[in-house]
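Structural description and commentary
Here are the chains, one letter per residue:
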Amino acid sequence: MPTSEPLVALPIRSFRDAFRRLAKALQPDLRADLARALAKHTAQTVVGAGAIPHIVTASDSVREWARGSHYPVIAEPSGQGLNGAARAAVRQAGGRPWLIIHADLPCLTSDEVKSVLNLLIIKERVVAPSYDGGTSALGGWDAFRFRYGKGSFHRHLATRPVPAILATPGFLLDIDQPRDLRAAIGHPKGLWLAEALQATLFY
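It should be emphasised that the depicted structure is a prediction, and the values quoted were computed from it without experimental measurement. All chains use their own residue numbering, which begins from 1 and follows the written sequence. In keeping with the model being predicted, local features are shown solely for residues with a pLDDT of at least 70 and side-chain atom pairs are shown and tallied solely at 80 or more, while totals for entire chains, interfaces and linings include all residues. Derived side-chain values reflect all non-hydrogen atoms in the structure, with water molecules and hydrogen atoms excluded from consideration.

**Comments concerning the layout of surface pockets**
The criterion, for reference: The pocket and cavity definitions rest on a 1 Å grid over protein atoms only: a 1.4 Å probe that fits but cannot leave marks a cavity, an open set with protein on both sides within 12 Å along at least five of seven lines marks a pocket, and residues lining either have an atom within 4 Å of a point. Grid points are joined across faces, edges and corners, and a volume is the space filled by probe spheres set on the points. Secondary structure elements follow DSSP: runs of H or I of four or more residues count as helices, runs of E of two or more count as strands, with numbering from the N terminus. The nonpolar class holds Ala, Val, Leu, Ile, Met, Phe, Trp, Tyr, Cys and Pro. Asp, Glu, Lys and Arg form the charged class, and all remaining residues, Gly among them, are polar.
Reported here for the largest pocket is a volume of approximately 1000 Å³. Together, 31 residues line the largest pocket, and Leu82, His102, Asp104, Ile175 and Asp176 are the ones closest to its centre. Secondary structure elements with two or more residues in the lining of the largest pocket: α1 (28-48) and α3 (81-93). Of all the elements, α3 adds the most residues to the lining of the largest pocket, at three residues. The class makeup of the residues in the lining of the largest pocket is 11 nonpolar, 10 polar and 10 charged.

Following this line, the structure appears as structure tokens:
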């Protein structure tokens with residue numbers, strides 16, 4: 001198996017339209033601030049692990065943020081959603097190993113990213129679940145049939161070859177519901193989020 005550096009991709013559809021499930025808890029401007037803060041945190045966490053985050057997006061504002069932060073940008077295909085964004089990253093990898101990480105992981109650490117990258121060196125497939133059955137990170141060495149959506153972890157787990165599984169706090173806790181935001185802010189590794197939002201939350 002070759003030892004090329006993996007391409008690490010962060011699909012980010014939008015800042016303004018992110019976290020619609022939090023609409024009753026946060027106003028649109030705060031949801032946009034949350035999306036930006038989480039994107040910045042996740043990208044910096046990837047950098048801390050010694051990798052370069054590639055931002056997959058079709059949004060002008062996300063593209064502007066990525067380029068201002070000196071992150072490579074991969075064009076997201078129109079109308080194909082997260083599966084299409086992931087496929088675009090795999091094409092960009094061009095035969096290198098690849099790792100898709102969601103950008104809504106407030107407690108993710110660079111050590112956890114290093115762990116999944118190290119697993120990817122010795123395994124053909126790696127998957128990190130979220131607590132609600134989603135897929136927070138997914139890595140591989142070749143073309144892949146992505147099946148994101150509700151319950152995607154079990155669909156991705158059922159692929160060949162059988163993937164290695166990494167279940168750690170930083171990957172398990174993603175932001176989908178108000179309770180997830182409360183859990184993140186109440187966790188020592190998520191305290192930064194309250195400061196980033198200037199504590200203007202929904203309590």
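**Observations concerning the sheet that holds strand β4 (residues 98-101)**
Worth spelling out the cut-off: At least two bridges found by DSSP between two strands is the condition for calling them paired. Contacts are assigned to residue pairs with any non-hydrogen atoms lying within 4.5 Å of each other. Here, axes are lines fitted to C-alpha atoms. For helices the fit covers the stretch in contact, and angles between N-to-C directions go from 0 to 180 degrees.
An order of β3-β2-β1-β4-β6-β5-β7 is seen for the seven strands of this open sheet, with the pairing classed as mixed. Across the chains shown, the open sheet's two edge strands, defined by having one partner strand only, are β3 (73-75) and β7 (164-165). Alignment of strand β1 (residues 7-11) against β4, held across three bridges, turns out to be parallel. By the bridge assignment for β4, alanine 9 is matched with isoleucine 100. Of the strands in this sheet, β2 (53-57) and β3 are in contact with helix α2 (residues 60-68), which crosses β2 at around 165°. Those strands touched by helix α4 (residues 110-122) are β1, β4, β5 (125-129), β6 (135-140) and β7, and its axis lies near 150° from that of β4.

**Some remarks on helix α7 (residues 178-185)**
Note the following rule: Here's how the labels work: a residue is buried when its accessible area is under 20% of the maximum for its type, exposed when over 50%, partly exposed in between, all with a 1.4 Å probe on protein chains only. The arc in question is traced by the directions running from the helix axis to the C-beta atoms.
Within the span of α7, buried status applies to Asp180, Leu181, Ala184 and Ile185. Angularly, the buried residues of α7 cover 130° about the axis, an arc narrow enough to put them on a single face.

**Overview of the packing of aromatic side chains**
Our working rule: Each aromatic pair joins two rings of Phe, Tyr and Trp (for Trp, the six-membered one) with centres within 6.5 Å, and gets the label stacked for planes under 30 degrees apart, edge-to-face for over 60, and tilted for any other angle.
The final tally for this structure, using the stated rule, is six aromatic pairs. Both rings, one in phenylalanine 144 and one in phenylalanine 146, keep their centres 5.0 Å apart while their planes meet at 75°; by these two values the pair is edge-to-face. Comparing phenylalanine 144 with phenylalanine 146 shows no difference in burial state: the two are buried. One aromatic cluster is present, formed by Trp98, Phe144, Phe146 and Tyr148 through successive ring pairs.

**A look at the pairing of β2**
With five of five residues buried, β2 lies mostly within the body of the structure. Of the two faces of β2, the one holding Pro53, Ile55 and Thr57 and the one holding His54 and Val56 are both buried throughout. Looking at chain direction, β1 and β2 are connected through four bridges and run parallel. The residue of β2 that forms the bridge with alanine 9 is histidine 54.

**As for the pattern of salt bridges**
Our working rule: The salt bridge criterion pairs a side-chain nitrogen of Lys or Arg with a carboxyl oxygen of Asp or Glu, the two atoms within 4 Å.
Under the defined criterion, the tally for this structure stands at three salt bridges. Here aspartate 142 and arginine 125 are joined by a salt bridge, their closest N and O atoms 3.0 Å apart. With a gap of 17 residues between them, aspartate 142 in the loop between β6 and α5 (152-157) and arginine 125 in strand β5 connect regions that are remote in the sequence.

**Digging into the nonpolar core**
Put simply, the test is: Buried Ala, Val, Leu, Ile, Met, Phe, Trp, Tyr and Cys residues that are joined via side-chain atoms within 4.5 Å together make up what is termed a nonpolar core.
One finds Leu34, Trp65, Ile101 and Phe171 to be the most contacted residues of the largest nonpolar core, which totals 48 residues. At the level of elements, β1, α1, α2, β4, α4, β5, α7 and α8 (191-196) are the ones that each hand at least two residues to this core. Tallying contributions element by element places α1 first for this core, with seven residues. If you look at the next biggest cluster of nonpolar residues, it comprises 18 residues, including Val56, Ala86, Phe146 and Tyr148.

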